[in-house]
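Structural characterization, general
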Amino acid sequence: MGHITDNLYQVHQELASLINQAGRTKESVKLLCVSKTKPQEAIIEAYNCGERLFGESYVNEAVTKIQALKALGYTDLKWHFIGPLQSNKTKAVAENFDMVESVDRIKVMQRLNLQRPASLGPLEILIEVNISHEAQKSGCALEELESLIDYCKQCPNLRLRGLMGIATDTQDKALIKEEFSTLAALFAKYAQEFEHFDILSMGMTHDMAEAILLGSTEVRIGTAIFGPREYKNKE
Ligand SMILES: *Cc1c(COP(=O)(O)O)cnc(C)c1O
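In this report, the structure presented in the accompanying data block is examined. (Residues numbered from 1 in each chain as written. Predicted model: local features only at pLDDT ≥ 70, side-chain atom pairs only at ≥ 80, totals over all residues. Heavy atoms only, no water.)

Details of the side chain of Asp207
Along the polypeptide, Asp207 turns up in the loop between strand E7 (199–201) and helix H8 (208–213). This buried residue, Asp207, is left without a salt bridge; Arg220 holds the nearest opposite charge, at 6.5 Å. At 2.6 Å, the side chain of Asp207 and the backbone nitrogen of Met204 are in polar contact. Those residues in contact with Asp207 that lie beyond four places of it in its chain are Ala167, Ile176 and Phe180. (Helix = DSSP H or I, 4+ residues; strand = E, 2+ residues; numbered from the N terminus. Buried < 20%, exposed > 50% of the residue type's maximum accessible area, 1.4 Å probe, protein only. Lys, Arg positive; Asp, Glu negative; His and termini not counted. Salt bridge = Lys/Arg side-chain N within 4 Å of Asp/Glu carboxyl O. Polar contact = N/O pair within 3.5 Å; in protein donor to acceptor, adjacent residues only side chain to side chain. Contact = heavy atoms within 4.5 Å.)

A look at the site of the ligand
Within the structure, the ligand sits among Val34, Lys36, Ser57, Ile82, Ile166, Met204, Thr205, Arg220, Ile221, Gly222, Thr223 and Arg229. In the model, an oxygen atom of the ligand is placed 2.9 Å from a nitrogen or oxygen of the Gly222 main chain. Taken by itself the ligand offers 390 Å² of open surface, and the protein chains cover 90% of this. Along the lines of polarity and charge, the residues of the shell around the ligand split into five nonpolar, four polar and three charged. (Near = heavy atom within 4 Å. Areas by Shrake-Rupley, 256 points an atom, 1.4 Å probe, with all protein chains shown as cover. Nonpolar A, V, L, I, M, F, W, Y, C, P; charged D, E, K, R; others polar.)

With respect to the pairing of strand E4 (residues 99–103)
Within E4, five of the five residues are buried, which leaves it mostly tucked inside the rest of the structure. Pairing analysis gives two bridges linking strand E3 (residues 78–81) to E4, with the strands arranged parallel. Within E4, the residue paired with Phe81 across the bridge is Val100. Once you follow E3 into helix H4 (residues 90–96) and on to E4, the crossover reads as right-handed. In this sheet, strand E5 (residues 123–129) lies alongside E4 in parallel orientation, the contact comprising three bridges. Bridge pairing in E5 places Val100 opposite Ile125. The parallel pair E4 and E5 is bridged by helix H5 (residues 106–115), and the resulting crossover is right-handed. (Pairing = 2+ DSSP bridges. Right-handed = clockwise from strand over helix to strand, strands pointing away.)

Written out as structure tokens, the structure reads:
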């Protein structure tokens, strides 16, 4: 039994306790295992523990791993793209991923819609909203969300499932809660309006407690499962 197996056991224990404290059900929060920079053996170990949802941030690295694992017969994993997406990389993402959580502009939506192979069915989409007070580049501004949702709704090869957000990287729990609350309120508004708008992706290793308390339906956990990332990808 390796470290990842132990770590996953701990993560599930912690999630269960947080979900319980929040008065929520176990099924209402999914675990996305963030495997960026980690080798395929690490993914296989998590797979053997029952995990099926994996998140990647770097296109070239991810596509290599996705294809290698498929060739080995691992065909029932779901791959979520969670990193910044440049328009020259949308084709590889449209062809290899099940969901893109980091869509934050129309140009990217337009390209993903055109490049999604029909045989794969619609690509699932979360719109990333910039909720942090940092001058952070990823995510659309709050004021842009409505027009992005309208656009996405008109793309036949995209299926809008919800929202994603990254809180400020800080020890200030009050600030993190304020940011997650903003996202949760937007999510609740559109979830009432649209069918299948049911995924609120928020919470990472250091802020999953706040995220679960505030209604996250998917936490994206890397470090707590796979350990610290070993290298900085220069892609
Ligand atoms: C890397 C990453 C994560 C995982 O972060 P950890 O702190 O390692 O849990 C989650 N979300 C996004 C968007 C990431 O890029």
